[in-house]
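Here is how the chains run, residue by residue.
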Amino acid sequence: MATKKYISDGQTSKRVVVCGGGVTGVCTAYFLAKKGIAVTLVEKSAVACVASGKAGAMEAQSLAEELNGVESYGYRPVTTLSLTVKESSKPISGGSDLPAWIDGPVKSPSTIGTTETTAQVHPQLFTRKLLSTATKKYGVEVVIGKLEEVRVELGRVDSVLLEGGRVIDTDAVVLAMGPWSVYLLIQIRYQAILNRLRFSRDEENARVKAEQA
Ligand SMILES: Cc1cc2nc3c(=O)[nH]c(=O)nc-3n(C[C@H](O)[C@H](O)[C@H](O)COP(=O)(O)OP(=O)(O)OC[C@H]3O[C@@H](n4cnc5c(N)ncnc54)[C@H](O)[C@@H]3O)c2cc1C
């Protein structure tokens, strides 16, 4: 197994493996790497290939300037409303701050964002642009592979095992695999229980040996 710690500028830094190339994993990888942490992102098939490629995709303004959002992923400031519209054959008449195209009776309207604070983006382009910036600017490594197991040694995460046998050493793991994360969580809990049982058994054996000596 390769050395556990990664040295940069004379300091020992940590390596984090982020599992899942959706918007959650990519944002996590981006911001960790921006802080100088060595990050490997593991994605089973393709970046933003499931929910993160299909969302309505509202994004806050802060990243758009940094990533040239208007050109690279269709960043478009919008006013964001929350309301319920009932179907009606009669158009509603004026006196409302709502847009003209809302043409049914409205329940509990509220503004949850303005063009100053919210915008719509193309979700897949956004996620992919963020990851390509993270790789080029902050050195995030991308591995296409399926996470099979998170290995825990003495109560600490030690490495991850990918389908096909590749092992990546790490100091921490972020599970950002959407609905698939739960399977790995079960596996980690199960492994922790087994380790505890093994530890208790070894302790008991040592005690018995000491008594017999
Ligand atoms: C039609 C639609 C509209 C939506 N609209 C909005 C909206 O307007 N606003 C909003 O906030 N949210 C919206 N959502 C929800 C939003 O899309 C999700 O909450 C978000 O994309 C989840 O991202 P994620 O990164 O957590 O998971 P995912 O996008 O599901 O990514 C998980 C990734 O993990 C990978 N993976 C799975 N198993 C493994 C494994 N064993 N090893 C390695 N990788 C693995 C998958 O391939 C996938 O790429 C919408 C969702 C849909 C479907």
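Calculation rules
- Residues numbered from 1 in each chain as written.
- Predicted model: local features only at pLDDT ≥ 70, side-chain atom pairs only at ≥ 80, totals over all residues.
- Helix = DSSP H or I, 4+ residues; strand = E, 2+ residues; numbered from the N terminus.
- Buried ≥ 20, exposed ≤ 12 C-beta atoms within 10 Å, placed from the backbone.
- Contact = placed C-beta atoms within 7 Å.
- Pairing = 2+ DSSP bridges.
- Axes fitted to C-alpha atoms, helices over the stretch in contact; angles between N-to-C directions.
- Expected span 1.5 Å × (residues − 1).

For the chain, the name recorded in an unreviewed UniProt entry is FAD dependent oxidoreductase domain-containing protein, with Arabis nemorensis as its organism.

(A) Broad picture of the overall build of the chain. A tally of helices and strands in the chain yields five helices and 14 strands. Within the chain, the proportion of its 213 residues that are buried is 21%. In the chain, the proportion of contacts linking residues at least 24 apart, taken out of those at least 6 apart, comes to 65%.

(B) Structural context of the pairing of strand E12 (residues 156-162). Pairing of strand E11 (residues 147-153) with E12, which is carried by six bridges, proceeds in the antiparallel orientation. Residue pairing for E12: Glu-153 is matched across the bridge by Arg-156. The antiparallel pairing of E11 with E12 creates a hairpin that spans two residues between the two strands, and Leu-154 there sits at a positive phi of about 50°. Sheet analysis places E12 next to strand E13 (residues 167-169), joined by three bridges and oriented antiparallel. Bridged to Leu-161 within E13 is Val-167.

(C) Looking closely at unusual backbone geometry. Even without being glycine, Ala-48 reaches a positive phi, approximately 55°. Tracing the chain through its elements places Ala-48 in the loop between strand E4 (38-43) and strand E5 (58-59). The phi angle at Ser-108 is positive, at roughly 45°, despite the residue not being glycine.

(D) Main features of the sheet that holds E11. With respect to topology, three strands assemble into an open sheet ordered E11-E12-E13, the strand pairing being antiparallel. Edge strands, defined here as strands with exactly one partner in the open sheet, are E11 and E13. Ignoring strand direction, the axes of neighbouring strands in this sheet form an average angle of 25°.

(E) Fine view of the sheet that holds strand E3 (residues 15-19). Taken in spatial order, the four strands make up an open sheet running E10-E4-E3-E14, and their pairing is parallel. Looking at which strands have only one partner, the edges of the open sheet turn out to be strand E10 (141-144) and strand E14 (172-175). Strand-to-strand twist across the sheet, computed as the mean angle between neighbouring axes with direction ignored, equals 20°. Note: E3 against E4, five bridges, orientation parallel.

(F) Structural context of helix H4 (residues 123-138). Counted at 1.5 Å a residue, the expected span for H4 with its 16 residues is 22 Å, and the 21 Å between its end C-alpha atoms agrees. Gly-139 sits one or two positions beyond H4 and adopts a positive phi of about 75°.

(G) A look at the environment of Gly-155. Within the element layout of this structure, Gly-155 appears in the loop between E11 and E12. For Gly-155, a count of 9 C-beta atoms within 10 Å translates into the label exposed. Linking Gly-155 and Gln-191, residues 36 residues apart in sequence, is a C-alpha distance of 9.8 Å.

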